[in-house]
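# Working through the structure, step by step
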Amino acid sequence: MLLTDRIYQDMFESILRGEFLPGQKFLTEQEAVEKYQASRITVRRAFALLENSHIISRKQKVGSIVNTSFAASGGELECIAAVVPLASHFVRSFLSSLCNEAAERNIITVLEPAATGKEQNKALIRLVLHGLRDIIVWGADRDLDMDLCLRLRILGVNLTFFDQINPGGIADYVCLDNHAAVTALLDQAELMNIKNIYFADPGNSDVDTNRERLDSCRSECARRKWNFFSTLPDKFNPDSAIFAINDEIAMPLVGLQVPIFSIDGLENCRQHGVTSYRQPMKELARKCFYSLQQQRKLGSKWQPRQYRLQNEEPFA
């Protein structure tokens, strides 16, 4: 790697890691010359790369400033990166749909199997330093650095979050319409004359998807005048059912001799008698691609959007 490129990457990484925040003054050329022990011509070329990449802006009598406005990489979508934890059956199912959709579009998929938010932070920096500008993130937990994601957006990275964590105004968000899914499942429970719902989320995961499902289940039970419980009993009444946060939680509960309702629709879970709302995987993958393409098309005119999808035949 040429010295100019090494200096560019090191300066870029310092911005990604938050050493220089959006709107702050960046290094001067003289400071960079002294730091990297390089010629002024080499440093000037590295600064030009930063400016051409929309990372800094340079003004006379002011110096270099880290950019503050949202940018987006334009042109055709050619390669995407997926930052996901592979331990989840649901995530692997989504990843399969995503890769199939990418293949149909002749788009390359790069996988970063990061299992925790902290690992995902490192993966995002690594991907961007290697030139990736279109990234889909399945946020593992709250250690995922939203300030980093904001800097990435400002620096021209197209980001789409899938499920789990809602990024707010930082990036697009693609997910299941959780309220619609919960309502459809409780409609099924109503046909069975269920009156007591026991909500199962032993991990009490602090992610937006789980919270939406919990809140929707509680409010729907109240609307139907059903009893709602957040813990499982030692003994179930005949008109009781379990609402599991997802199929992974539902599977260990099979055998309790009580109806179980869940979300994901994985084949193994449904084969064991769980009434599970099937997520529209192909449509979710397509919407992720649409989101990234829109970011490329709109550029600085991009505004964050949420795409919440339903399945027309969730129990087919």
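Quick caveat, the model's predicted, so the values are computed rather than measured.

## Considerations on the overall build of the chain
For the chain, the helix and strand inventory stands at eleven helices and 13 strands. Judged by the C-alpha coordinates and their principal axes, the chain covers about 80 × 35 × 30 Å. Counting every position in the chain, which comprises 316 residues, the buried fraction comes to 52%. Accessible surface for the chain amounts to roughly 15300 Å². Of this, 48% is attributable to carbon and sulfur atoms.

## Considering the packing of helix 5 (residues 117-129) against helix 6 (residues 146-154)
The interhelical angle for the contact between helix 5 and helix 6, taken along N-to-C directions, is 15°, at an axis separation of 10 Å. On the basis of the axis angle, helix 5 is roughly parallel to helix 6. In the packing of helix 5 onto helix 6, the handedness of the crossing is left-handed. Along its contact with helix 5, which presents Asn 121, Leu 124, Ile 125 and Val 128, the element helix 6 presents Leu 148, Cys 149 and Leu 152. A breakdown of the residues in the contact of helix 5 with helix 6 according to their chemical character gives six nonpolar, one polar and no charged.

## What about unusual backbone geometry?
For Asn 106, which is not glycine, the phi torsion reads 60° and is therefore positive. Mapped onto the elements, Asn 106 comes out in the loop between helix 4 (89-104) and strand 4 (108-112).

## Some points on the pairing of strand 13 (residues 306-309)
Burial of the side chains of strand 13 is restricted to one face: Tyr 307 and Leu 309 are buried, whereas none of Gln 306 and Arg 308 on the reverse face is. Pairing of strand 7 (residues 172-176) with strand 13 involves four bridges; the strand directions are parallel. The residue of strand 13 that forms the bridge with Cys 175 is Arg 308.

## What about the sheet that holds strand 11 (residues 260-264)?
Ordered in space as 9-8-10-11-12, the five strands form an open sheet in which the pairing is parallel. Among the strands making up the open sheet, the edge pair consists of strand 9 (227-229) and strand 12 (275-278). Each strand axis lies, on average, 20° off the axis of its neighbour in the sheet, ignoring direction. Pairing between strand 8 (residues 196-200) and strand 9: three bridges, direction parallel. Its bridge partner lying in strand 9, Asn 196 is registered against Asn 227.

## Quick notes on the side chain of Gln 279
Structurally, the position occupied by Gln 279 is in the loop between strand 12 and helix 11 (281-298). Among the polar contacts made by the side chain of Gln 279, one reaches the side chain of Asp 264 at a distance of 3.0 Å. Setting aside residues up to four positions removed in sequence, Gln 279 forms contacts with Phe 90, Leu 176, Arg 213, Ile 263, Asp 264, Leu 284 and Asn 311.

## A closer look at the packing of aromatic side chains
All chains considered together, the criterion is met by eleven aromatic pairs. Between Phe 199 and Phe 243, the ring centres sit 5.8 Å apart and the planes meet at 10°, which makes this aromatic pair stacked. Within this pair, whereas Phe 199 is found in strand 8, its partner Phe 243 is found in strand 10 (residues 240-244), the two being separated by 44 residues in sequence. Comparing Phe 199 with Phe 243 shows no difference in burial state: the two are buried.

## A look at the packing of helix 4 against helix 11
Two elements in contact, helix 4 and helix 11, have axes whose closest approach is 9 Å; the angle formed by their N-to-C orientations is 60°. Classified by the angle between their axes, helix 4 and helix 11 sit oblique to one another. You can see that helix 4 and helix 11 cross each other, and the crossing is right-handed. Across the interface between the two elements, Phe 90, Ser 93, Phe 94, Ser 97, Leu 98, Glu 101, Ala 102 and Glu 104 of helix 4 pack against Met 281, Lys 282, Leu 284, Ala 285, Arg 286, Cys 288 and Phe 289 of helix 11. Its residues assigned to classes, the contact of helix 4 with helix 11 comprises nine nonpolar, two polar and four charged.

## Describing the sheet that holds strand 13
With parallel pairing, the six strands of this open sheet are ordered in space as 4-3-5-6-7-13. Edge positions in the sheet fall to strand 4 and strand 13, since each of these pairs with one other strand and no more. Taken over all neighbouring pairs, the strand axes of this sheet differ in orientation by 20° on average, direction set aside. Sheet topology places strand 3 (residues 79-83) next to strand 5 (residues 134-137); three bridges connect them, and they run parallel. By the bridge assignment, Ala 81 is partnered in strand 5 with Ile 135.

## Description of the side chain of Asp 177
Residue position: Asp 177 is located in the loop between strand 7 and helix 7 (178-191). A polar contact of 3.3 Å, which involves the side chain of Asp 177, links it to the side chain of Gln 310. For Asp 177, the contacting residues outside a window of four places in its chain are Arg 308, Leu 309 and Gln 310.

Reading the values: rules and limits
- Residues numbered from 1 in each chain as written.
- Predicted model: local features only at pLDDT ≥ 70, side-chain atom pairs only at ≥ 80, totals over all residues.
- Heavy atoms only, no water.
- Helix = DSSP H or I, 4+ residues; strand = E, 2+ residues; numbered from the N terminus.
- Buried < 20%, exposed > 50% of the residue type's maximum accessible area, 1.4 Å probe, protein only.
- Areas by Shrake-Rupley, 256 points an atom, 1.4 Å probe, with all protein chains shown as cover.
- Axes fitted to C-alpha atoms, helices over the stretch in contact; angles between N-to-C directions.
- Parallel < 35°, antiparallel > 145°, perpendicular 65-115°, else oblique.
- Left-handed = near helix turned anticlockwise from the far one by under 90°.
- Contact = heavy atoms within 4.5 Å.
- Nonpolar A, V, L, I, M, F, W, Y, C, P; charged D, E, K, R; others polar.
- Pairing = 2+ DSSP bridges.
- Polar contact = N/O pair within 3.5 Å; in protein donor to acceptor, adjacent residues only side chain to side chain.
- Phe/Tyr/Trp six-rings, centres within 6.5 Å; stacked < 30°, edge-to-face > 60°.

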